[in-house]
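Letter by letter, the chains look like this.
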Amino acid sequence: MTAKLIDGLALSKTLRAEVATRAAALTARGHQPGLAVVLVGDNPASEVYVRNKIKACEDNGIHSSYDRYPATLSEAELLARIDALNRDPKIHGILVQLPLPSHIDSHKVIEAIAPEKDVDGFHVANAGALMTGKPLFRPCTPYGVMKMFEANGIDLRGANAVVIGRSNIVGKPMALLLLEAGATVTICHSKTRDLAAHARAADVIVAATGRRNLVTADMVKPGAAVIDVGMNRDDAGKLCGDVDFAGVSAVAGHITPVPGGVGPMTITMLLVNTIEAAERSAAQA
Ligand SMILES: Nc1nc2c(c(=O)[nH]1)N[C@@H](CN(C=O)c1ccc(C(=O)N[C@@H](CCC(=O)O)C(=O)O)cc1)CN2
């Protein structure tokens, strides 16, 4: 079997066109959507992601502001800036790029963002609401993965889904979204005793560990959908995921590439969440 490629760039193009249409409609009514992007420190990967987010806003009719701070910024200074952005009517979404420098408590920072502007969906109010099925925003990466399932006709009802990784950003919300869609969900992680046995029983695998080649062909049931959220570098410095792409492609039914898979969808869903925030705000004006 050769797996069907799930192309995150192509799906992003379609979804971003819808975002641009909604942004234009809001702008015509005097409510241009606005996203505030905040970056602290000089993590090179974060710089790339932030640059791509700002460019995606520009390309699709969303106004963006960019606060770029040195790693020496204090937690109090960052909290004061978030407070100002919470009160700025031109800003509908606030994105604080993670990770933050270690002297800043990222939980405190996320909790300072107004839940109705928390387009990352990380605030405890949105995380809790995700648990009960009614979040204002779904976290962008797992939300993007759900769109990939939908666009490729992958039926999750009754499917065995294995999520590898238990981060607040990907693993935990991913598991909740799969559960909401009717899958039987297992969350595996670094302490899981027999990862291969869990993975082999799965119709759907979402790998989000940051460990290169963690998922190999012998761990995949023929025909399974394999979604790679990993972002690693191989020995030659080339970007790669958590899945042995060449080996697993020969067994899986669907597979996402890295790059060009989940990554672009993360940015696309940030735009979608920002539009939704702006539409809610316009509806209340
Ligand atoms: N505040 C947030 N911080 C972080 C998030 C997040 O959703 N919100 N997620 C990750 C990083 N991330 C978004 O910020 C992200 C990762 C990867 C990509 C992406 O487009 N990857 C490309 C390759 C890019 C490259 O060449 O390096 C791809 O896979 O094709 C976008 C966003 C942690 N922090």
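Criteria and cut-off values
- Residues numbered from 1 in each chain as written.
- Predicted model: local features only at pLDDT ≥ 70, side-chain atom pairs only at ≥ 80, totals over all residues.
- Heavy atoms only, no water.
- UniProt positions renumbered as here; feature names shortened; annotations may be inferred.
- Helix = DSSP H or I, 4+ residues; strand = E, 2+ residues; numbered from the N terminus.
- Phe/Tyr/Trp six-rings, centres within 6.5 Å; stacked < 30°, edge-to-face > 60°.
- Lys NZ or Arg CZ within 6 Å of the ring centre and 35° of its normal.
- Salt bridge = Lys/Arg side-chain N within 4 Å of Asp/Glu carboxyl O.
- Pairing = 2+ DSSP bridges.
- Axes fitted to C-alpha atoms, helices over the stretch in contact; angles between N-to-C directions.
- Contact = heavy atoms within 4.5 Å.
- Buried < 20%, exposed > 50% of the residue type's maximum accessible area, 1.4 Å probe, protein only.
- Core = buried A, V, L, I, M, F, W, Y, C linked by side-chain atoms within 4.5 Å.
- Domains from an automatic or database assignment.
- Parallel < 35°, antiparallel > 145°, perpendicular 65-115°, else oblique.
- Near = heavy atom within 4 Å.
- Polar contact = N/O pair within 3.5 Å; in protein donor to acceptor, adjacent residues only side chain to side chain.
- Areas by Shrake-Rupley, 256 points an atom, 1.4 Å probe, with all protein chains shown as cover.
- Nonpolar A, V, L, I, M, F, W, Y, C, P; charged D, E, K, R; others polar.

> Would you mind going over the UniProt feature "domain: Tetrahydrofolate dehydrogenase/cyclohydrolase catalytic" (unreviewed entry) in the chain in detail, with residue names and values included?
Mapped onto this structure's residue numbering, the UniProt feature "domain: Tetrahydrofolate dehydrogenase/cyclohydrolase catalytic" (unreviewed entry) falls at residues 6–120. Counting secondary structure, residues 6–120 comes out at 50% helix and 16% strand; the distance between its end C-alpha atoms is 23 Å.

> Give me the lowdown on the packing of aromatic side chains, citing residues and values where you can.
Under the criterion given, the structure shown has 0 aromatic pairs. One residue, arginine 138, lies across the ring of tyrosine 143, its end atom 5.7 Å from the ring centre. The ring centre of phenylalanine 137 lies 4.9 Å from the NZ or CZ of arginine 280, which sits over that ring.

> For the pattern of salt bridges, give the residues involved together with the corresponding values.
A side chain with one charge may pair with a side chain of the opposite charge, provided their charged atoms come close. Following the criterion strictly, the structure yields 11 salt bridges and no others. Two residues, arginine 280 and glutamate 276, come together in a salt bridge whose shortest N-O distance is 3.7 Å. With a gap of 4 residues between them, arginine 280 and glutamate 276 both fall in helix H10 (residues 262–284), about one helical turn apart. One network of salt bridges, in which partners are shared, links Arg22, Glu276, Glu279 and Arg280.

> Would you mind going over the sheet that holds strand S3 (residues 63–69) in detail, with residue names and values included?
Taken in spatial order, the 3 strands make up an open sheet running S3-S2-S4, and their pairing is parallel. Each of the sheet's edge strands pairs with one partner strand only, and the pair in question is S3 and strand S4 (93–96). Neighbour-to-neighbour, the strand axes of this sheet turn through a mean angle of 15°, independent of strand direction. Two elements, strand S2 (residues 34–40) and S3, share 7 bridges in a ladder whose sense is parallel. In the sheet register, leucine 39 faces S3, and the bridge partner there is arginine 68. On the sheet, helix H2 (residues 44–59) packs against S2, S3 and S4 and is oriented at approximately 165° with respect to S2.

> Would you mind going over the environment of lysine 13 in detail, with residue names and values included?
One can find lysine 13 in helix H1 (residues 8–28). Here lysine 13 falls in the exposed class, since its relative accessible area comes to 68%. For the pair lysine 13 and alanine 25, spaced 12 residues apart in the sequence, the C-alpha separation amounts to 19 Å.

> I'd like a rundown of the sheet that holds strand S1 (residues 4–5), residues and numbers included.
One open sheet accounts for 6 strands, arranged S1-S11-S8-S7-S5-S6; its pairing is parallel. Where the open sheet ends on each side, the last strands, each with one partner, are S1 and strand S6 (184–188). Where strand S5 (residues 160–164) and strand S7 (residues 204–207) come together, 4 bridges link them in parallel fashion. Pairing of valine 163 across the sheet is with valine 206, part of S7. Docked against the sheet, helix H7 (residues 171–180) engages S5, S6 and S7, running at close to 170° with respect to S5.

> Outline the nonpolar core, listing residues and values.
In this structure, Phe149, Leu178 and Val206 are the most contacted members of the largest nonpolar core, which totals 48 residues. Considering every element that reaches this core, the biggest residue donor is H10, with 9 residues. Summarising the domain contributions, this core has at least three residues from each of domain 1 (30–116) and domain 2 (140–263). Residue contacts for valine 206: discarding those within four places in its chain leaves Val145, Phe149, Val162, Val163, Ile164, Met174, Leu178, Ile227 and Val229. Residues Ala199, Ala202, Ile205 and Ala207 belong to the second largest nonpolar core, which totals 21 residues.

> So what's going on with the pairing of S4? Which residues, and what values?
Every second residue of S4 is oriented toward a common face, with Gly93 and Leu95 on one face and Ile94 and Val96 on the other, all of them buried. Pairing of S2 with S4, which is carried by 4 bridges, proceeds in the parallel orientation. Across the sheet, the residue bridging to valine 38 is valine 96, located in S4.

> Provide a residue-level description of the packing of helix H6 (residues 140–151) against H10, including the pertinent values.
Where H6 contacts H10, the axes come no closer than 8 Å and their chain directions differ by 105°. Between H6 and H10, the crossing angle belongs to the class labelled roughly perpendicular. Taking contact as the criterion, the partners of Cys140, Thr141, Tyr143, Gly144, Val145, Lys147 and Met148 in H6 are, on H10, Val262, Met265, Thr266, Met269, Leu270, Val272, Asn273 and Glu276.

> Break down the domain arrangement of the chain for me, with residues and values.
What the domain assignment lists for the chain is domain 1 (30–116) and domain 2 (140–263). Each of domain 1 and domain 2 was reduced to a C-alpha centroid, and the two centroids are 28 Å apart.

> Can you break down the site of the ligand residue by residue, with the values?
In the vicinity of the ligand, 16 residues are found, and the nearest of them are Lys53, Val96, Gln97, Asp120 and Gly260. Here a nitrogen atom of the ligand and a backbone polar atom of leucine 98 are 3.0 Å apart. Against a free-state accessible area of 680 Å², the protein chains account for coverage of 82% of the ligand. Looking at the shell around the ligand, the elements that each hand over two or more residues are H2, S4 and H10. If one sorts the elements of the shell around the ligand by residue count, H10 sits on top with 4 residues. In terms of residue class, the shell around the ligand is made up of 10 nonpolar, 4 polar and 2 charged.

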